[in-house]
Protein chains: 2
Amino acid sequence: MPSAAVLIIGDEILSGKFRDENSPWLATRLRSIGVDLKRVLTIPDDIDVIARSVAELSAAFDHVFTTGGVGPTHDDLTMAGVSRAFGVRLVRHPTLEALLRGHLGDRANDAALRMAEVPEGAVLWEGPGLRFPQVVMRNVLIFPGVPALLRLKFDAVAHRFSGRVVLGERLHTTAAESDIADLLTEAQDRFPDVAIGSYPKFDSKPYTVTLTLDSREPGPLAACLAWLRARLPEQIPAPFDQSAI
Amino acid sequence: MPSAAVLIIGDEILSGKFRDENSPWLATRLRSIGVDLKRVLTIPDDIDVIARSVAELSAAFDHVFTTGGVGPTHDDLTMAGVSRAFGVRLVRHPTLEALLRGHLGDRANDAALRMAEVPEGAVLWEGPGLRFPQVVMRNVLIFPGVPALLRLKFDAVAHRFSGRVVLGERLHTTAAESDIADLLTEAQDRFPDVAIGSYPKFDSKPYTVTLTLDSREPGPLAACLAWLRARLPEQIPAPFDQSAI
């Protein structure tokens, strides 16, 4: 199944000035299209760190999605960092230059045209609703940091890397985690195709634990669910307040 | 100045089931106590990945804060991962065992007592309001994933690693980023002790750009602010909607 990493580039996230809205959204969207998100890494606006991170993630996962650091100012270093990751030059792409000139007219100064620079060898993906195409360098998709723009672009190209969707089930109990730990270990051993997670909620009354069962295999998932339903003590329906889950 | 990395351990974040509330909070808190957050990395519940990530981050930064993966169930692998990172055994700590037995009484079964296991050589930090002390392995502080518990523990021990606080200033303009890019590059070159960030907001009317100036040096910060105030076109007071900043 396709694996993915998200690379968040931006001092503003690390310094707490802005909250990263992109990685939670991408986590949910990637799950919905069957791509396994394996890493989310947030790094500063530093060319060397961008280059090293892109090189490592690109080698380790099927897809890498970068967000942030694209734009006309001195702190926009993503394109330069991706270029360095692959040992290629930063070049001005004629299609992007034409788009920018058409869009900006007289205001297409050198700074604005920096937004037409891409790693040499990068390709452009067109998609519905995209005024500017998606820049793709090998398995790295370079997204803007502005959430509305990222979402527009992601949804326009997501069909190109969809996988087989993960199915999920949930169970809830008022039993303490430590009292069901052995049962869960046995379930995990019996059903290796199912990923079982256990998430306590301490600020609820009564204290509750949510179990999540994830699998791409409907048969083992149903069998694991039935096995746990027959054995899990103190089961309850889904608690009213599931806001965090 | 002290540097830090945050390591978020949890399949539930990567699969989009829970939103990570801890790293935004830690980013804000670390800035307020003068610690430079340099990385946030989210990884799955996998011992080898935990071990490799802890080893790398521990070597690269002054402090590492892990969140999640501590508890009694099969998916709680942080203590084992940190042990592997440093090549030590996982051992039951007598102080933690006594605390758990005192707290749980008859319910202190083997699963519950897994919560007394720490990497060999780990130390315990007491702090105000802490029923269970903070586990620290070399420069790695191991926090729970539950936000309320993490915050309680962090605030109880934060005085131990505070640094010199970063000062910040802001400017706002309705000028396009590409029209002020050269000015910002010159400002950044003139004031290397100040980190200048430029953040456009496209969904505001009028379109605005917020500039952030960060420095630990009051003199250069004031000089940079004055220099930009004298030159930045189309300056405006802080826009009403600064929710994202």
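Worth saying up front: this structure is predicted, and the values here are computed from it rather than measured.

(A) Fine view of unusual backbone geometry. Notably, Arg138 of chain A is not glycine yet its phi reads approximately 55°, a positive angle. Mapped onto the elements of the fold, Arg138 of chain A is located in the loop between strand 7 (134–137) and strand 8 (140–143). Arg138 of chain A gets classed as exposed once you look at its relative accessible area, which sits at 55%. One non-glycine residue, Glu234 of chain B, adopts positive backbone phi at about 55°. You can see Glu234 of chain B is positioned in the loop between helix 9 (218–229) and strand 12 (235–236). The partly exposed category is assigned to Glu234 of chain B, whose relative accessible area is 48%.

(B) Main features of helix 8 (residues 177–190) of chain A. Helix length check: helix 8 of chain A (14 residues) gives 19 Å between terminal C-alpha atoms against 20 Å at 1.5 Å per residue, within 8%. Along its length, helix 8 of chain A shows its largest kink, about 30°, at Leu183 of chain A. Residues Glu177, Ser178, Ile180, Ala181, Leu183, Leu184, Ala187 and Gln188 of chain A constitute the buried set of helix 8 of chain A. Next to the buried residues of helix 8 of chain A lie strand 9 (167–173), strand 10 (195–201), strand 11 (208–215) and helix 9 (218–229) of chain A together with helix 6 (110–113) of chain B.

(C) Main features of the layout of surface pockets. Of the pockets and cavities examined, the second largest pocket occupies roughly 800 Å³. Looking at the second largest pocket, it is lined by 34 residues, and the ones nearest its centre are Asp36, Lys38, Ala195 and Asp214 of chain A together with Asp11 of chain B. Those elements giving two or more residues to the lining of the second largest pocket turn out to be helix 2 (22–32), strand 2 (36–43), strand 10 and strand 11 of chain A together with helix 1 (11–14) of chain B.

Conventions we followed
Residues numbered from 1 in each chain as written. Chains lettered and ligands numbered in written order. Predicted model: local features only at pLDDT ≥ 70, side-chain atom pairs only at ≥ 80, totals over all residues. Heavy atoms only, no water. Helix = DSSP H or I, 4+ residues; strand = E, 2+ residues; numbered from the N terminus. Buried < 20%, exposed > 50% of the residue type's maximum accessible area, 1.4 Å probe, protein only. Expected span 1.5 Å × (residues − 1). Bend = angle between axes of the 7 residues up to and from the residue. Contact = heavy atoms within 4.5 Å. 1 Å grid on protein atoms, 1.4 Å probe; cavity = no way out; pocket = protein on both sides within 12 Å on 5 of 7 lines; lining within 4 Å. Points joined across faces, edges and corners; volume = space filled by probe spheres on them.

The quantities given are spatial measurements derived from coordinates; they are silent on function.
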